[in-house]
Amino acid sequence: MASNQTTTQQESKFTLPMNDLEHQQLNLGQQEVDDEKEFDYSKRSQWLRAAVLGANDGLVSTASLMMGVGAVKKDIKVMILTGFAGLVAGACSMAIGEFVSVYSQLDIEVAQMKREKRGNNANKIEGDEDEDEDEKESLPNPAQAAAASALAFSVGAMVPLLAASFIRDYKVRIGAVVAAVTIALMVFGWLGAVLGKAPALKSSARVLFGGWLAMAITYGLTKLIGSSGL
């Protein structure tokens, strides 16, 4: 009986440190997972903002153009051509603007890297070449950013174009465009909120209200100007 108690006490003495060690390893593992999630989120937010904003811009601007022209012209051909012109012009504008903006950022970061390299030449150590390669890979890519912006804008602009392309009746066509844009705005708002870890309902409502407002203002002002005979 005494030997059993002694054995149990010895096992307990060695068991507790092992449990503590396991807990520490689990905590460290969980911390590494959390750090990776935060790192993924920070990288994700860079392309997420450009993609969601580009698609939303293409959707709202093209739909507003089509609604504005539809306020004074009921011909489906005129409406579709207006939407297509808006898609091409908007995608080119987004691509050029993003290219210029990212290229300016690239110039600034390259100049900063050169200044830091000149300052560290006196203390050259092994492994600097690897660090230089990593820094070059992390630099922004203007061409990639321009292509992504143009693509995102085009994806958003295709929604109202496809919604109106096969509907001859004027009122049904306008209703189809509004319905398609409404669904797309909710999807874009929800997607941006989920991937960006933001409240989905508020984000979707904000994006939806903004899109409705843009279309309503464009439609109303164009209708007013068209009815005045200008």
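For the structure itself, consult the block above.
In this text, all values refer to a predicted model and were calculated from it rather than measured experimentally.

K.L.:
Account for the overall build of the protein, naming residues and giving values.
P.N.:
On a plain count of helices and strands, the protein comes out with 6 helices and 0 strands. A burial count over the protein gives 27% of its 230 residues as buried. In the protein, the share of contacts with a sequence separation of at least 24, taken over all contacts with a separation of at least 6, comes to 78%. Surface exposure of the protein reaches about 15,500 Å², of which carbon and sulfur atoms provide 63%.

K.L.:
Tell me what's going on with the packing of helix α2 (residues 76–120) against helix α4 (residues 142–164), and back it up with residues and numbers.
P.N.:
At a closest axis distance of 8 Å, the pairing of α2 and α4 adopts a crossing angle of 160°. Between α2 and α4, the interaxial angle falls into the category roughly antiparallel. Two packed elements cross with a definite hand, and for α2 against α4 that hand is right-handed. Classifying every residue of the contact of α2 with α4 by side-chain character gives 21 nonpolar, 5 polar and 1 charged.

K.L.:
Give me the packing of aromatic side chains: which residues, what numbers.
P.N.:
Aromatic ring pairs are described here by two measures, namely the spacing of the ring centres and the angle between the planes. The final tally for this structure, using the stated rule, is 1 aromatic pair. Ring geometry for Phe99 and Tyr103: centres 5.4 Å apart, planes at 50°, overall tilted. Of the two residues, Phe99 and Tyr103 both sit in helix α2, 4 residues apart, roughly one turn of that helix. For Phe99, a relative accessible area of 33% corresponds to the partly exposed category. Classification of Tyr103 as partly exposed rests on a relative accessible area of 39%.

The rules behind each value
Residues numbered from 1 in each chain as written. Predicted model: local features only at pLDDT ≥ 70, side-chain atom pairs only at ≥ 80, totals over all residues. Heavy atoms only, no water. Helix = DSSP H or I, 4+ residues; strand = E, 2+ residues; numbered from the N terminus. Buried < 20%, exposed > 50% of the residue type's maximum accessible area, 1.4 Å probe, protein only. Contact = heavy atoms within 4.5 Å. Areas by Shrake-Rupley, 256 points an atom, 1.4 Å probe, with all protein chains shown as cover. Axes fitted to C-alpha atoms, helices over the stretch in contact; angles between N-to-C directions. Parallel < 35°, antiparallel > 145°, perpendicular 65-115°, else oblique. Left-handed = near helix turned anticlockwise from the far one by under 90°. Nonpolar A, V, L, I, M, F, W, Y, C, P; charged D, E, K, R; others polar. Phe/Tyr/Trp six-rings, centres within 6.5 Å; stacked < 30°, edge-to-face > 60°.

That's the geometry; what it means functionally is another story.
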